[in-house]
Structure formats: structure tokens, C-alpha cells
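Here is what each chain is made of, one letter per residue.
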Amino acid sequence: MSASGLAGLVVLALLAWPGVAAAQAPVDKCVACHLETGDERLTAPVKAFDGDIHKAKGFGCVACHGGDAKADGPEAMDPAKGFVGKPSRQQIVQFCGRCHADAAFMKRYNPSLRVDQVAEYATSVHGRRLRELGDPKVATCVSCHPAHNIRPPSDPKSSVYPVQVADTCGRCHGDAKYMASYKIPTDQMTKYKTSVHWKAMTAKGDLSAPTCNDCHGNHGAVPPGINWVGNVCGQCHSLTADLFKKSVHAKAFVEMGNPGCATCHENHGIQTPGDFLLGLGDKAVCSTCHGAGDKGGKVAVEMRALIESLSAETQKAGAILEKAHHAGVEVSQAQFDLNGAKETLVKARTAVHSFAVAPVNEEVKAGLAIAAKGYARGVRAMDELRLRRVWLGVVLVVILALIAGLVMKIRQADRRPVAGSPPKH
Ligand code: HEC
Ligand code: HEC
Ligand code: HEC
Ligand code: HEC
Ligand code: HEC
Ligand code: HEC
Ligand code: HEC
Ligand code: HEC
Ligand code: HEC
């Protein structure tokens, strides 16, 4: 019989189990005998299985391995009873897919769970190399979901919990020795761990920040081609991606073979951007392709100047309002209104991705108007403060004069001798 025919038989035989697996769990002789052997290789799966989602759902060893969980002796592992020992790498995908690609079966447990993992995996570089080349080093289902300790992605102890994913992929992709036979870099994880995304996820606990699978697909892991890097980032940065798509660069970059957003921001080691990226300065990204003589360079310099002016005016207004607030003048409304200028600053920085002056200028103009209003309020507040001080001075002088008068009165009264008291010197 051919290998695929055999595999087919195995799958057919195994297809009989899912429904009854739960009922068999209580009398699991597989577990009992394996624990008795004391052999680490045979007991480890049993111990790990306590935290596994499949155990929690009532499945036993036979759900994947087949065999007879009621038999006491080694006949429990009779291949005639559908038993499969340690599966080969190709067999693993069938092990899991038997249930996870069966929409009708999975619906009984969790109707919202996707059932495309096997199909997606088949399109990934991992799946294709396994199928077409028998490459033993690529990831299979159990490289990312440890065979006997499988947990849902929402469980913080899961190998596929967002914060854990980088290490799960990095175990292979960050291991230069393991990956030596391939021609790809092995710095994705180390770079990723310096990125704004990793910081947002770990320092801020923002689980909506992307990790490896958000950009590469959960199961269809391929490097995003240069044509769709923008789409990958655009899943979350949609405003920026829309501007970029309509810009001169969108087409020019594809022709040059530049990977969209990643051309200016990198892919794995994305750092916090700032105005320094814009223009023709040392750290500016524009200067790698444009110079002071061409239109791109001129636009870069102009956009930078616009944004810096708004940034400076907003700061100036903020500073004077802060000073007034400290001195006790009520300016909270003006301080609140100034947030509008800060928002336009954010919008202007996004508008940079149109790579044209007009959209940036539009935001900057609106922001400058708000900042000017704030600054004017600050100036008035400081005038008020000055006036208040003058009045305070006047009041103080009056009070001092009154006190002086009072003291003189008291002294006069003191000088008059009181009957019965000794004379003063
Ligand atoms: C009577 C004891 C006993 C029972 C019952 C038993 N096993 Fe085993 N199992 C063993 C021993 C011993 C080995 C190691 C055999 C070897 O190394 O050749 C083993 C090996 C295995 C292996 C690894 C096979 C390989 O290819 O490396 C798997 C998987 C396994 N058992 C699963 C099961 C399942 C599932 C059941 C229940 C249906 C079960 N066992 C029932 C004793 C038992
Ligand atoms: C969700 C499917 C699944 C379930 C349930 C499951 N296994 Fe496994 N088991 C696997 C896969 C897949 C492998 C191969 C792992 C690998 O290649 O790294 C494996 C491998 C093994 C091995 C060989 C380990 C080795 O290193 O040689 C043993 C023994 C084993 N399983 C026993 C069990 C026992 C006992 C249970 C029940 C407590 C069980 N398995 C439940 C999928 C499963
Ligand atoms: C006997 C059928 C069956 C087999 C075989 C099976 N699973 Fe499952 N699996 C399930 C069921 C049922 C659930 C629970 C779904 C739920 O209720 O959310 C589940 C849950 C999971 C989950 C958590 C999903 C979630 O988000 O809740 C993962 C991950 C998973 N399985 C991976 C695997 C892998 C990897 C294999 C192969 C090594 C495998 N499964 C083999 C039936 C199976
Ligand atoms: C390269 C690593 C990797 C491989 C290989 C892999 N998975 Fe996953 N899997 C993940 C990640 C990461 C998630 C978490 C997705 C998320 O956060 O929603 C996941 C989630 C799941 C889930 C939960 C539901 C879902 O789709 O989000 C199931 C079920 C699952 N995988 C089954 C499988 C099966 C079956 C295979 C083999 C065909 C497999 N996985 C291969 C990384 C992998
Ligand atoms: C078991 C080791 C292993 C694990 C775990 C693993 N990979 Fe891979 N991956 C490989 C190997 C080996 C290749 C093939 C490299 C090649 O052909 O260039 C590969 C290829 C890739 C490629 C294609 C690279 C290219 O340019 O051809 C991407 C993208 C990728 N993996 C992403 C991931 C992601 C994301 C994860 C985690 C969710 C992950 N991998 C987990 C071993 C692994
Ligand atoms: C923010 C999105 C994003 C995240 C997060 C991300 N990648 Fe990538 N990755 C990309 C892009 C885009 C490319 C392709 C760049 C190109 O074509 O030049 C890529 C390329 C790759 C490649 C192909 C080889 C290479 O380095 O060019 C591998 C392998 C890879 N990534 C693995 C990973 C792993 C592992 C992680 C997690 C530690 C990860 N990626 C996280 C976007 C991302
Ligand atoms: C899954 C959603 C998601 C994807 C995909 C994604 N990002 Fe992000 N990105 C975020 C989140 C969330 C933040 C953090 C926002 C914060 O806390 O400042 C962020 C932050 C950033 C920042 C820093 C912004 C700042 O003001 O500090 C840049 C630059 C960035 N991403 C670029 C990219 C690029 C380029 C890609 C594609 C290669 C990408 N992102 C893919 C969600 C995503
Ligand atoms: C990877 C190279 C590269 C980078 C980096 C780059 N550009 Fe460009 N840019 C091009 C190419 C190619 C064109 C289209 C060819 C042309 O007309 O000059 C272009 C065109 C332009 C144009 C339109 C010029 C015209 O003639 O209408 C503007 C404006 C522009 N870029 C601004 C910028 C700004 C601002 C930055 C920095 C934020 C930047 N570019 C970064 C390559 C680049
Ligand atoms: C030609 C270079 C270039 C390309 C291509 C590019 N950016 Fe930017 N990006 C910049 C510059 C320059 C800044 C800094 C603007 C500033 O702070 O003045 C920036 C800032 C950002 C910011 C922070 C400001 C904001 O908008 O919130 C994010 C996020 C961002 N880029 C995402 C992206 C995404 C997503 C893509 C692809 C759709 C992309 N960028 C493509 C040059 C580029």
C-alpha cells in the first residue's frame, strides 16, 4: 500500500473517535500504564496533558493517537485499533486537522472557532516546504502548539498568547545555528524586541499591538510581498495606509522593489518616529533618495518647517498658559482648547504620508489658529495677573497704614498711667 493510502486509512479509522472520546476519558488505561513505566519519555506527555485544552474538553490520549483506552496491556496500542505512536511530521497535520478542519464537528464545541488552520498552513512557507521538500526543520502544528500542553491563545501560559509568540517563533528564527542552511536573516526577534510594537505590548500591556503572527498570518506565514506590506500595516494604521496608497511613492516604490512602509520604518525594528525623519537632515529618511535640488527634497524641507512651526507655537502657548495656571489664574478652558492644536499636530504628522505640502499645510494652518488663540489668552491672563498684583499692592499699603495707625493709638493709650500700677521708666 502506498504511504498516502496508509495515511488515508489511518485518517478514516481515526475519524470514528471524536464523538466518543469524551465518554472514554474516565477509564484511561493509557494514562495509568504510562505513569507506571516511570520512563520520562512516556510520563512527560501524561503530566503535561493536565494543562491541555483537549483534556479540559474531555478528550483523552486516543483522541489523537487512537488505540483502545480500556485495554490494560500493550494491546491497547494495537495499530489494528487505529493506534498511531509518535506521528511523523506529515502525520501531525492530519492528527490535528481531523478535528480542526471539520467545521461540523468543531461547531459542536465552539461555533466561532476558525477551521482554516490546515488550509492556511498548506499555503505557508512552512507547509509548502514540508509537503514539497519534506523539510524536517520547518514548523508543524506542534512546533507552535506544544503537543501535550496546547492552550487557547487567550491563556497567558499559552505558547501563542500574544506576548509569547515572538519567543515561540524565535526559538527557530532566532537560532542562527538551526537556521544556518537557509539564506534568511535570524535577527527578526531581537529587532522586534526593540520596536515600538513590542514596547506597546509589554510596557503598556496593549495586546492590540502586533507580534509576528499579526503581520505574517497565524498559519499562512509568508513574508509579506512588497506589494502588500502597506496592507499588512494598514490593518491597524488605516489612515496612514490610505494616504500612502494615493501618494507618488506607492507606485514608485513597487517599481523600485521597496517594501512600502518598511522602506522608511523597517519591518521588525520599528522605532518611535519624529520630525527628525522628515527633511534632509542626518537622520531624515527622505535624504536617502532626495536632495536639496529635486522636488521631493524641497517638499520634505517645507513640510518639516511647517510641522516645526506648529510644534513651536503650540509649545509657546502651552508654556504661557501653564505659567498663568501656576500663578493661580483660571485658564483651564484655554488649556483644554489647546489640545485641539496638539491634535492637528498629530494629524499633520500623519498627513506627511501624502508626500505633498497642501494636506500638511491644511492641518498646520488650523493648528496655528488654535495655538494663537491660546497664546493670546495666556498673554491676557498674565496682564490680569499684573493688574491683580497692582491692586494687591494698593490693598497692602492701605492695610499697613491702618496697622501703623492702630499701633500708634495703642502706644498713646499705654503712655497714660493706670491708677494703682507702678510708674513706668
Ligand atoms: C500496559 C502499558 C501501556 C498501555 C496500556 C499503553 N501504553 Fe503506550 N507505551 C507503553 C510503553 C512501554 C511504550 C514504549 C514502547 C516502546 O518504546 O517501544 C509506549 C509507547 C507509547 C507511545 C510512543 C510510541 C512511539 O512511536 O514512540 C505512544 C504515543 C503511546 N504509548 C500512547 C499510548 C496510548 C494512546 C495508549 C492508550 C490507548 C497507550 N499508550 C497505552 C505502555 C503502555
Ligand atoms: C492533541 C493531540 C494529542 C493528544 C491528545 C495526545 N498526544 Fe501524544 N503526541 C501527539 C503528537 C503530535 C506527538 C508528536 C510530538 C512531536 O513530534 O514532537 C505526540 C507524541 C507522543 C509520545 C512520544 C513522545 C516522544 O518524545 O517520543 C508519547 C509517548 C505520547 N505522545 C503519549 C501521549 C499520551 C500518553 C497521551 C494522553 C495523556 C497523549 N500522547 C495525548 C499528539 C497528541
Ligand atoms: C478530537 C478532536 C481534536 C483533535 C484531534 C485536536 N483538537 Fe484541538 N481542539 C478540539 C476541540 C473540540 C477544542 C476546543 C474548542 C473550544 O471549545 O474552544 C480544541 C481546542 C484547540 C485549541 C484552542 C482553541 C481556542 O482558541 O480555544 C488549539 C490551539 C488546538 N485545539 C490545537 C490543536 C492541535 C495543534 C492539534 C494537533 C496536535 C489538535 N488541536 C488536535 C478538538 C481537537
Ligand atoms: C508557525 C506557528 C504556528 C503553526 C505552525 C500553527 N499554528 Fe496554530 N496558532 C498559531 C498562533 C500564533 C495562533 C494564535 C492566533 C491568535 O492570536 O488568534 C494560533 C491559533 C490556533 C488555533 C486557535 C484558533 C485560531 O485559528 O486562531 C487553533 C485551533 C490552531 N492554531 C490550530 C493549529 C493547527 C491545527 C495547526 C497545524 C495545521 C497549527 N495551528 C499550526 C501559530 C501556529
Ligand atoms: C520549528 C522551527 C520554526 C518555527 C517554530 C517557526 N518557523 Fe518559520 N520557518 C522555519 C524554517 C526552517 C523556514 C524555512 C526558511 C526558508 O525557506 O527560507 C521558515 C520560514 C518562515 C518564513 C518565510 C521566510 C522566507 O523568506 O522564506 C516566515 C515568514 C516564517 N517562517 C515566519 C514564522 C513565524 C511568524 C513563526 C511563528 C508564528 C514561525 N515562522 C515559526 C522554521 C520555523
Ligand atoms: C509589523 C509587522 C511585522 C512583525 C510584527 C513581524 N514581521 Fe516579519 N516581516 C515583516 C515584513 C513587512 C517583512 C518583509 C520585508 C521585506 O519584504 O523586505 C518581514 C519578513 C520576515 C521574514 C523573512 C526574512 C526577513 O527577515 O526578511 C521572516 C522569517 C520574518 N519576517 C519573521 C518574523 C518573526 C519571527 C517575527 C516575530 C519575532 C516577525 N517577523 C514580526 C513584517 C513583520
Ligand atoms: C495589529 C495592529 C498593528 C499592525 C499590523 C501594525 N501596527 Fe504599528 N502600531 C500599532 C499599535 C497598537 C501601536 C502603538 C501605539 C502607541 O501606543 O503609541 C503602533 C505603533 C506604531 C508606530 C509608532 C507610532 C508613534 O507615534 O509612536 C509606527 C511608526 C508603526 N506602528 C508603524 C507600523 C508599520 C510600518 C507597520 C507594518 C510593517 C505596522 N505599524 C503594523 C498597531 C499595529
Ligand atoms: C526609497 C527612496 C525614497 C525615499 C526614502 C523617499 N522618496 Fe520621495 N520619491 C521617490 C521616488 C522614486 C519618487 C518618484 C520619482 C520622482 O518623481 O522623483 C519620489 C517622489 C517624491 C515626490 C514627488 C516629486 C515630484 O516630482 O512630483 C515628493 C514630493 C517626495 N517624493 C517626497 C518625499 C519625502 C517628503 C520623503 C521623506 C519623508 C521621501 N520622498 C522619501 C523615492 C523616495
Ligand atoms: C517615504 C518615507 C515614509 C513611508 C513610506 C512611510 N512613512 Fe510613516 N513616517 C515617515 C516620517 C518622515 C514620519 C515622521 C513625521 C513627523 O513626525 O514629522 C512618519 C511617521 C509615522 C507614524 C507616526 C505619526 C503618525 O502618523 O501617527 C506612523 C504611525 C507611521 N509613520 C506609519 C506608517 C505606515 C503605516 C506607513 C505605510 C502605510 C508609513 N508610515 C510609510 C515617513 C514614511
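These numbers were taken from a predicted model, which means no experiment stands behind them. (Residues numbered from 1 in each chain as written. Chains lettered and ligands numbered in written order. Predicted model: local features only at pLDDT ≥ 70, side-chain atom pairs only at ≥ 80, totals over all residues. Heavy atoms only, no water.)

**Student:** Teacher, can you tell me more about the overall build of the protein here?
**Tutor:** For the protein, the helix and strand inventory stands at 22 helices and 0 strands. In summary, the protein has a C-alpha radius of gyration of 36 Å against a globular reference of 22 Å for 425 residues, an excess of more than 25%. Residues classed as buried in the protein amount to 30% of the 425 residues present. A sequence separation of at least 24 residues applies to 59% of the contacts in the protein between residues at least 6 apart. Split by element, the accessible area of the protein, about 26000 Å² in all, is 63% carbon and sulfur. Separation between the mean location of the 50 positive side-chain charges and that of the 39 negative ones in the protein comes to 8 Å. (Helix = DSSP H or I, 4+ residues; strand = E, 2+ residues; numbered from the N terminus. Rg over C-alpha atoms; globule rule 2.2 N^0.38 Å. Buried < 20%, exposed > 50% of the residue type's maximum accessible area, 1.4 Å probe, protein only. Contact = heavy atoms within 4.5 Å. Areas by Shrake-Rupley, 256 points an atom, 1.4 Å probe, with all protein chains shown as cover. Lys, Arg positive; Asp, Glu negative; His and termini not counted. Charge placed at Lys NZ, Arg CZ, Asp CG, Glu CD.)

**Student:** Would you mind going over the confidence of the model for the protein with me for this structure?
**Tutor:** Any region with low pLDDT has predicted coordinates that should not be read closely. On average, residues of the protein carry a pLDDT of 91, and 91% of them reach 70 or more. Below a pLDDT of 50 lies the segment residues 1-25, which in the model reaches 31 contacts outside its immediate sequence neighbourhood of four places, other chains included. (pLDDT = per-residue confidence, 0-100.)

**Student:** It is not clear to me how a nonpolar patch on the surface should be interpreted in this structure. Could you clarify?
**Tutor:** On the surface, Leu 387, Val 390, Trp 391, Val 394, Val 395, Val 398, Ile 399, Leu 400, Leu 402, Ile 403 and Val 407 cluster together into a nonpolar patch covering about 1000 Å² of accessible area. Position of Trp 391 relative to the elements: it lies in helix α22 (residues 357-415). (Patch = residues over 30% accessible without salt bridge, like charges linked within 9 Å, V, L, I, M, F, W, Y side chains within 5 Å. Salt bridge = Lys/Arg side-chain N within 4 Å of Asp/Glu carboxyl O.)

**Student:** Got a minute to help me understand the environment of Gly 51 in this structure?
**Tutor:** Mapping Gly 51 onto the fold places it in the loop between α4 (40-48) and α5 (53-56). On the basis of relative accessible area, Gly 51 is assigned to the partly exposed category, the value being 28%. Counting along the chain gives 349 residues from Gly 51 to Leu 400, while the straight-line C-alpha distance between them is 81 Å. Dropping the residues within four chain positions of it, Gly 51 is found in contact with Asn 149, Ile 150 and Arg 151.

**Student:** Just checking my understanding: could you explain helix α18 (residues 248-256) for this structure?
**Tutor:** Two residues of an α-helix separated by three or four positions point the same way, owing to the 3.6 residues in each turn. Taken residue by residue, α18 has His 249, Ala 250 and Phe 253 as its buried positions. One side of α18 carries all its buried residues, which in axial view fall inside an arc of 105°. Of the residues in α18, the exposed ones pointing more than 90 degrees away from the buried face are Val 248, Lys 251 and Glu 255. Tucked into the core, α18 has its buried residues touching α17 (238-246) and α19 (261-265). Downstream of α18 by one or two residues, Gly 257 has phi in the positive range, about 80°. (Arc of directions from axis to C-beta.)

**Student:** Would you mind showing me how to read the coordination of the iron atom of ligand 6 here?
**Tutor:** By definition of the ideal shapes, a tetrahedral metal site with four donors has angles of 109.5 degrees and an octahedral site with six donors has angles of 90 or 180 degrees. Summarising the metal site, the iron atom of ligand 6 is bound by the protein donors His 216 (NE2) and His 268 (NE2), whose distances to it range over 2.0 Å. Its 6 donor atoms give the iron atom of ligand 6 angles of 86 to 179° at the centre, a pattern that matches the octahedral case. Here His 268 lies in the loop between α19 and α20 (295-326) and His 216 lies in helix α15 (residues 212-216), a separation of 52 residues in the sequence. (Donors = N, O, S within 2.8 Å, 3.2 Å for Na, K, Ca; no water. Tetrahedral: all angles 85-135°; square planar, octahedral: opposite > 155°, others 65-115°.)

**Student:** Help me understand the environment of Ala 366, please; the structure alone is not making it clear to me.
**Tutor:** Structurally, the position occupied by Ala 366 is in helix α22. Here the alpha-carbon distance between Ala 366 and Pro 259, two residues 107 residues apart in the chain, equals 33 Å.

**Student:** Help me out: how do you make sense of the nonpolar core in this one?
**Tutor:** As a rule of thumb, nonpolar side chains are buried together in soluble globular proteins. Core analysis: the largest hydrophobic core is formed by 15 residues, its most contacted members being Leu 278, Met 303, Ile 307, Val 360 and Val 364. For this core, the secondary-structure elements that each account for two or more residues are α20, α21 (332-351) and α22. Considering each element in turn, this core owes the most residues, 6 residues, to α20. The residues touching Ile 307, leaving out its near neighbours within four places in the chain, are Asp 275, Leu 278, Leu 345, Ala 348, Arg 349, Val 352, Val 360 and Val 364. Within the second largest apolar cluster, 12 residues are counted, among which are Ile 320, Ala 324, Ala 334 and Leu 338. (Core = buried A, V, L, I, M, F, W, Y, C linked by side-chain atoms within 4.5 Å.)

**Student:** Just checking my understanding: could you explain the site of ligand 3 for this structure?
**Tutor:** If you check the shell around ligand 3, you find 22 residues, and the closest are His 54, Cys 96, Cys 99, His 100 and Asn 110. One of the side-chain nitrogen or oxygen atoms of His 54 is found 2.7 Å away from a nitrogen atom of ligand 3. Contact between ligand 3 and Asn 110: an oxygen atom at 2.9 Å from a side-chain N or O atom of the residue. When residues of the shell around ligand 3 are traced back to their parent elements, those giving at least two are α5, α6 (62-65), α7 (89-100), α8 (103-107) and α11 (141-144). With 5 residues, α7 is the single largest residue contributor to the shell around ligand 3. (Near = heavy atom within 4 Å. Polar contact = N/O pair within 3.5 Å; in protein donor to acceptor, adjacent residues only side chain to side chain.)

**Student:** Please explain the packing of α20 against α22 as it appears in this structure.
**Tutor:** A packed helix pair is summarised by two numbers, namely the angle formed by the two axes and the spacing between the axes. Their axes nearest at 8 Å, the elements α20 and α22 cross at an angle of 20°. With respect to each other, α20 and α22 are oriented roughly parallel. Here the hand of the crossing between α20 and α22 comes out left-handed. (Axes fitted to C-alpha atoms, helices over the stretch in contact; angles between N-to-C directions. Parallel < 35°, antiparallel > 145°, perpendicular 65-115°, else oblique. Left-handed = near helix turned anticlockwise from the far one by under 90°.)

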